[in-house]
Number of protein chains: 2
Amino acid sequence: MAPLKNRRFLLVKRPEGTPSPSDFSLVEQPVPAAPEGGMVVRNHFISLDPAQRGWMDDAPSYMPPITLGDPVRATTVGVVHESRNPDFKAGDWVLGLNAMEDYSIVLPGGFTSAIDVTLVDSPSRYLSAVGAVGLTAYFGLLEVGKPQAGETLLVTGAAGAVGAMVGQIGKIKGARVIGIAGGADKCRRLIEDYGFDFAIDYKGKSEAELSALIAQAAPQGVDIVFENVGGVVMEAVTMNLAQRARVVLCGLISEYNATERVGLRNLWQVIVKQATIHGFLIAGYVDRFAEGGAQVAQWIGSGQLRADEDIQNGLENSYDAFMRLFSGANTGKLVLKIA
Amino acid sequence: MAPLKNRRFLLVKRPEGTPSPSDFSLVEQPVPAAPEGGMVVRNHFISLDPAQRGWMDDAPSYMPPITLGDPVRATTVGVVHESRNPDFKAGDWVLGLNAMEDYSIVLPGGFTSAIDVTLVDSPSRYLSAVGAVGLTAYFGLLEVGKPQAGETLLVTGAAGAVGAMVGQIGKIKGARVIGIAGGADKCRRLIEDYGFDFAIDYKGKSEAELSALIAQAAPQGVDIVFENVGGVVMEAVTMNLAQRARVVLCGLISEYNATERVGLRNLWQVIVKQATIHGFLIAGYVDRFAEGGAQVAQWIGSGQLRADEDIQNGLENSYDAFMRLFSGANTGKLVLKIA
């Protein structure tokens, strides 16, 4: 039997603006051995997330930047290949913060947990609906946004994995839900597939045009914003805040690759509306993941929540798959299946 | 006796960027008569505030824009000249939202309250330390920023009326206090007059240089920001937030006259630091003004709090006096004395 190979998708250069293929290199190395007390995991599914773009920059963040020459850090679901950790044995399914590679070394004390794949239709669900996506939507909307029945919730990046779930949870809680997304097809899906009350297509519109459309959909202003996009879309929303609006700042996908960031030039609206912007990381709710996951799973089981995945295939397609995050091509949680 | 004249400082054109003298017109009109149930107030002191610049724009705010041809709206302290309101009589000292003019009509139900000028060394104090300035510092810092002993507080516009008071209240509460101000003299006053622990001069410095100086003064990051300035100064501060930092967004003086606003281009730092930005208006604390005013007055009386005023003279100097807000010339609360 030929020895197993470990293909690894390395970061070799820090991207300036939009990542280019030459910022990365796919190499083949021997499969590593498990270190004492640790293990080696065969990755099956890799979560592709906007946060990875931030880790590629050499800038202050909640995690150190990815070291040049290392594989791109990623949350993965996989199977224990070799274990010297007494808590895991070969063949166990696990979820952890690993990297875009066939095999990852997990050091003792690394962030890895066992998952029960018999509870879900695909192990990839632990990277989407019952994983970070669902938990981000659940805690971000309910613990930070705190929607009350009858309030108006606006979601940007609404057709994305998190956004679609936020809008649906908003409906479950009795809010009026407006979604902003790019393109007629995504807007149609917001209404037909996810039950949003209003959908606004931002494509080809100036900030003023977008702001006027939001004002039509929310004549009393927007009480809660779940912000995934940033830039001009966020500015248009900010012109329509209701008094004491809560902005859950979850992501800024339009800004991550920008060499000239737009920022938030109408920040003064936050003062005059006595609004609050809350920087949100799911990491702040680790101790409540079980509670959130159970509620999301129950809503999915009862048919109240629809969660789509966009599964791409093959580690050799890492770059093209990752770039779907920024092109607006992906529908549902983006996952790369590599085994 | 010659009939009394009412000089009025009118807004005749909406400023584009920095206000110019031709945006205003000083006219002389007859003193109005009190309307039924209302009164006429002889203004003595006029509060000059950055918020007035916002009211000159035709843009959504917490108050309607100033109508072109009307005098510039302002908080004033004055004496009742003629009263048809049973709650006030001629000669009473009052505080109210009036305008930059010798005599203002106060309609029934207008925002006007009697003040006791025997409690203070000058009636202008009701426009500064025991008025909006002191209350903004008090409620903004204590109710929103919530400083804990040992935390690091950073104040921008620190030598301004609000900023100097925020820093001093921060010290009373046991915080380490860093002030950012423009020029060596203001920085010297922060340390010597107001007891700040660190003073940083932003003048002539790039965002990166400013950010490095803040990092030196706050190696563990800034826990509370009291933001009066915005723009590049705010961006430099934002690069130095501690985890779960609270930003009290009180003013954006650097942005009000800008035709190209800087905004906050590193908003993603708010996410990775799980920080919160709170748009703050003193109007949200009206029902607690008495409590706040009493505490501030007590601190001033006991010598724990120093509150400076920058008194300019003469309604004919309205434009030049107002512009001191933006030139960085004023030291202490800016007030125009017109009688």
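The structure presented is a predicted model; accordingly, all values stated were derived computationally and were not measured.

Colleague: So, the side chain of Arg53(B): which residues are in play, and what are the values?
Modeller: As for its position among the elements, Arg53(B) is in helix H1 (residues 50–55). In this structure the side chain of Arg53(B) is engaged in a polar contact, spanning 3.0 Å, whose partner is the side chain of Asp57(B).

Colleague: Describe the packing of helix H5 (residues 207–217) of chain B against helix H6 (residues 231–238) of chain B, and please don't skip the residues or the numbers.
Modeller: All names here are of chain B. Look at H5 against H6: their axes get within 8 Å of each other, and the N-to-C directions meet at 45°. Comparing the axis directions of H5 and H6 gives the class oblique. Crossing hand, H5 versus H6: right-handed. Judged by residue contacts, Glu-207, Leu-210, Ser-211 and Ile-214 of H5 engage Val-232, Val-233, Glu-235, Ala-236 and Val-237 from H6. Residues belonging to the contact of H5 with H6 are distributed by class as follows: six nonpolar, one polar and two charged.

Colleague: Break down the relation of the copies chain A and chain B for me, with residues and values.
Modeller: Rotating chain A by 180° and moving it 0.0 Å along the rotation axis overlays it on chain B with an RMSD of 0.0 Å. Both copies are brought into coincidence by an operation consistent with a two-fold rotation axis.

Colleague: I'd like to hear about the domain arrangement of chain A, residue by residue, with values.
Modeller: Residue and element names in this part refer to chain A. According to the domain assignment, chain A consists of domain 1 (5–128 + 308–337) and domain 2 (132–283). Computed from C-alpha atoms alone, the centre-to-centre distance between domain 1 and domain 2 is 29 Å. Of the residues lining the interface, 19 residues belong to domain 1; the matching set on domain 2 comes to 14 residues. Carbon and sulfur atoms make up 55% of the surface buried where domain 1 meets domain 2, a total of about 1300 Å² over both sides. Contact with domain 2 buries area across many residues of domain 1, yet Ser-128, Asp-308 and Phe-326 alone supply 25% of it, more than any other trio. On inspection of domain 1 and its partner domain 2, the count reaches zero salt bridges. For the pair domain 1 and domain 2, the interface holds three residue pairs in polar contact (both at pLDDT 80 or more). Per-class residue counts for the side of domain 1 that touches domain 2 are seven nonpolar, seven polar and five charged.

Colleague: Give me the pairing of strand E15 (residues 333–337) of chain A: which residues, what numbers.
Modeller: Residue and element names in this part refer to chain A. Of all five residues that make up E15, four are buried, and the element is covered over most of its length. Two strands pair when backbone bridges link them, and strand E3 (residues 39–47) and E15 are joined in this way by three bridges, in the antiparallel orientation. Paired with Ser-47 across the strands is Val-335, a residue of E15. By the bridge criterion, five bridges tie strand E14 (residues 309–313) to E15 in an arrangement that is parallel. Along E15, the bridge assignment pairs Gln-312 with Leu-336.

What counts as what
- Residues numbered from 1 in each chain as written.
- Chains lettered and ligands numbered in written order.
- Predicted model: local features only at pLDDT ≥ 70, side-chain atom pairs only at ≥ 80, totals over all residues.
- Heavy atoms only, no water.
- Helix = DSSP H or I, 4+ residues; strand = E, 2+ residues; numbered from the N terminus.
- Polar contact = N/O pair within 3.5 Å; in protein donor to acceptor, adjacent residues only side chain to side chain.
- Axes fitted to C-alpha atoms, helices over the stretch in contact; angles between N-to-C directions.
- Parallel < 35°, antiparallel > 145°, perpendicular 65-115°, else oblique.
- Left-handed = near helix turned anticlockwise from the far one by under 90°.
- Contact = heavy atoms within 4.5 Å.
- Nonpolar A, V, L, I, M, F, W, Y, C, P; charged D, E, K, R; others polar.
- Least-squares fit on C-alpha atoms with pLDDT ≥ 70 in both.
- Domains from an automatic or database assignment.
- Buried area = accessible area lost by both parts, 1.4 Å probe.
- Salt bridge = Lys/Arg side-chain N within 4 Å of Asp/Glu carboxyl O.
- Buried < 20%, exposed > 50% of the residue type's maximum accessible area, 1.4 Å probe, protein only.
- Pairing = 2+ DSSP bridges.

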